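# Geometric and topological summary
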Amino acid sequence: MQQPALPQSFLQAPIAHRGLHNLSQGIPENSLAAFDAAIARGYGIELDLQLSRDGVAMVFHDYGLERLTGEKGPIAQQSAAALGKITLTGGTEGIPTLAETLAYVAGRAPLLIELKDQDGALGPNIGPLEEATVKALTGYAGDVALMSFNPHSVAALARLAPDHARGLTTCDYRPEDWPTIPKTRLAELRPIPDFIRTGASFISHQASDLTRAPVTALKAQGVPVLCWTIRSRAQEDAARQIADNVTFEGYAPA
């Protein structure tokens, strides 16, 4: 399986988690304003994707609209056009599509794109979001890396977009953090068994769990290790003992 290398740009400037957002300045997470702020500071950008009712990749983290907008209900029950008219809380923009985001960023920053699990149990019932993502990326010339907690999603991306770097988002998979996922599935994922099968070229791992054996073993093999989410310089200093780069929010990296 083709295994494109992670572009070097992802190992250089720190990566702004959901953009350089700051609600006190009217900049919500995963907004064009947050991406603009990251670009202005020379940071990379991490963003999240969910699927609209009509099959469009939307830049949005949650499955529900409540936390980030004045609306309620699943994002998947709204069309892309309707979502674009829903203002992100604390800002002035609607929810952007991936295509709109790519046109706006236009290669000015590396984009670390996480596809949120659409199966509900980190299982094989995926496909439409992966297809929508690849469709939006067609012709985009900037640095992009794709990732997901769901290995089935990463494997699908390997088939659909073999030229794009892809990786696994990983963590310690504690059951209390994943109440809807069967404990047996969490136990399966904990050792990061799908790295080779999915053609992954990097991981983005939970910062507090970087010293665990599966992570250090990949690091020893020369696999790039990113981490999430760093919220202070002290955390950054600790993470960089293992991680090659950090995804951060809420402070200015060193």
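What this report covers is the structure whose coordinates are included nearby.

## Remarks on the overall build of the protein chain
- Counting its secondary structure elements, the protein chain contains eight helices and nine strands.
- With the C-alpha coordinates aligned to their principal axes, the bounding extent of the protein chain is approximately 45 × 40 × 40 Å.
- Taking all 254 residues of the protein chain together, the buried fraction comes to 56%.
- In the protein chain, of all internal contacts separated by at least 6 residues, the share reaching a separation of at least 24 is 59%.
- When the accessible surface of the protein chain is totalled, it reaches about 10900 Å², and 53% of it is carbon and sulfur.
- Separation of charge centres in the protein chain, based on 21 positive and 27 negative side chains, amounts to 1 Å.

## Examining the environment of Ala-238
- Along the chain, Ala-238 falls in helix 8 (residues 233-239).
- Considered as a pair, Ala-238 and Arg-53 are 185 residues apart in the sequence and their alpha carbons are 41 Å apart.

## Here we look at unusual backbone geometry
- Omega for the peptide link from Trp-228 to Thr-229 comes to -25°, which places this bond in the cis form.
- One can find Thr-229 in strand 8 (residues 225-230).
- Phi is positive for Arg-18, which is not a glycine, with a value near 60°.
- Mapping Arg-18 onto the fold places it in the loop between strand 1 (15-17) and helix 1 (32-41).
- In this structure, Asn-30 takes a positive phi of about 55° despite not being glycine.
- Assignment of secondary structure puts Asn-30 in the loop between strand 1 and helix 1.

## Some words on the side chain of Gln-206
- With respect to the helices, strands and loops of the structure, Gln-206 is situated in strand 7 (residues 202-206).
- Within the structure, Gln-206 has its side chain in polar contact with the side chain of Ser-208 (distance 2.8 Å).
- If we skip the residues at most four places from it in the chain, Gln-206 touches Thr-170, Cys-171, Asp-172 and Trp-228.

## A short note on the pattern of salt bridges
- In this structure the tally under the stated criterion is 14 salt bridges.
- Taking the shortest distance from any N to any O, the salt bridge between Asp-177 and Arg-174 comes out at 3.1 Å.
- Owing to a relative accessible area of 41%, Asp-177 belongs among the partly exposed residues under this scheme.
- With its nearest N and O atoms 3.1 Å apart, the salt bridge here joins Arg-197 to Asp-194.
- The partly exposed category is assigned to Arg-197, whose relative accessible area is 41%.

## Side note on the pairing of strand 6 (residues 165-170)
- Most of strand 6 sits inside the fold, with six of its six residues counted as buried.
- In terms of strand pairing, strand 5 (residues 144-148) meets strand 6 through four bridges, oriented parallel. By the bridge assignment, Leu-146 is partnered in strand 6 with Arg-166.
- Crossover handedness for the path strand 5 to helix 5 (residues 151-160) to strand 6: right-handed.
- The handedness of the strand 6 to strand 7 crossover, carried by helix 6 (residues 183-189), is right-handed.

## Things to note about empty space enclosed by the protein
- A complete count under the given rule lists one cavity of 30 Å³ or more for this structure.
- Size it by volume and the largest cavity reaches roughly 50 Å³.
- Together, Phe-149, Pro-151, Leu-168, Thr-169, Thr-170, Tyr-173, Leu-189, Ile-192, Pro-193 and Asp-194 line the largest cavity.
- Of the residues belonging to the lining of the largest cavity, the class tally is seven nonpolar, two polar and one charged.

## Observations concerning the nonpolar core
- In terms of nonpolar packing, the biggest core is built from 50 residues, with Ile-45, Leu-49, Leu-111 and Ile-113 touching the most fellow members.
- Considering each element in turn, this core owes the most residues, five residues, to helix 1.
- When near neighbours in sequence (up to four residues on either side) are disregarded, Ile-45 contacts Ile-15, Ala-16, Gly-19, Phe-35, Ala-38, Ile-39, Val-105, Ala-109, Pro-110, Leu-111 and Leu-112.

## Structural notes on the pairing of strand 5
- The buried fraction of strand 5 is high, at five of five residues.
- Neither face of strand 5 is open: one carries Val-144, Leu-146 and Ser-148, the other Ala-145 and Met-147, and all of them are buried.
- Of the strand pairs in this sheet, strand 4 (residues 111-115) and strand 5 are connected by four bridges, and their pairing is parallel. Residue Leu-111 lies in a different strand from strand 5, and its bridge partner there is Val-144.
- In this view, the connection linking strand 4 to its parallel neighbour strand 5 by way of helix 4 (residues 128-137) has right-handed handedness.

Parameters and conventions
- Residues numbered from 1 in each chain as written.
- Predicted model: local features only at pLDDT ≥ 70, side-chain atom pairs only at ≥ 80, totals over all residues.
- Heavy atoms only, no water.
- Helix = DSSP H or I, 4+ residues; strand = E, 2+ residues; numbered from the N terminus.
- Buried < 20%, exposed > 50% of the residue type's maximum accessible area, 1.4 Å probe, protein only.
- Contact = heavy atoms within 4.5 Å.
- Areas by Shrake-Rupley, 256 points an atom, 1.4 Å probe, with all protein chains shown as cover.
- Lys, Arg positive; Asp, Glu negative; His and termini not counted.
- Charge placed at Lys NZ, Arg CZ, Asp CG, Glu CD.
- Polar contact = N/O pair within 3.5 Å; in protein donor to acceptor, adjacent residues only side chain to side chain.
- Salt bridge = Lys/Arg side-chain N within 4 Å of Asp/Glu carboxyl O.
- Pairing = 2+ DSSP bridges.
- Right-handed = clockwise from strand over helix to strand, strands pointing away.
- 1 Å grid on protein atoms, 1.4 Å probe; cavity = no way out; pocket = protein on both sides within 12 Å on 5 of 7 lines; lining within 4 Å.
- Points joined across faces, edges and corners; volume = space filled by probe spheres on them.
- Nonpolar A, V, L, I, M, F, W, Y, C, P; charged D, E, K, R; others polar.
- Core = buried A, V, L, I, M, F, W, Y, C linked by side-chain atoms within 4.5 Å.

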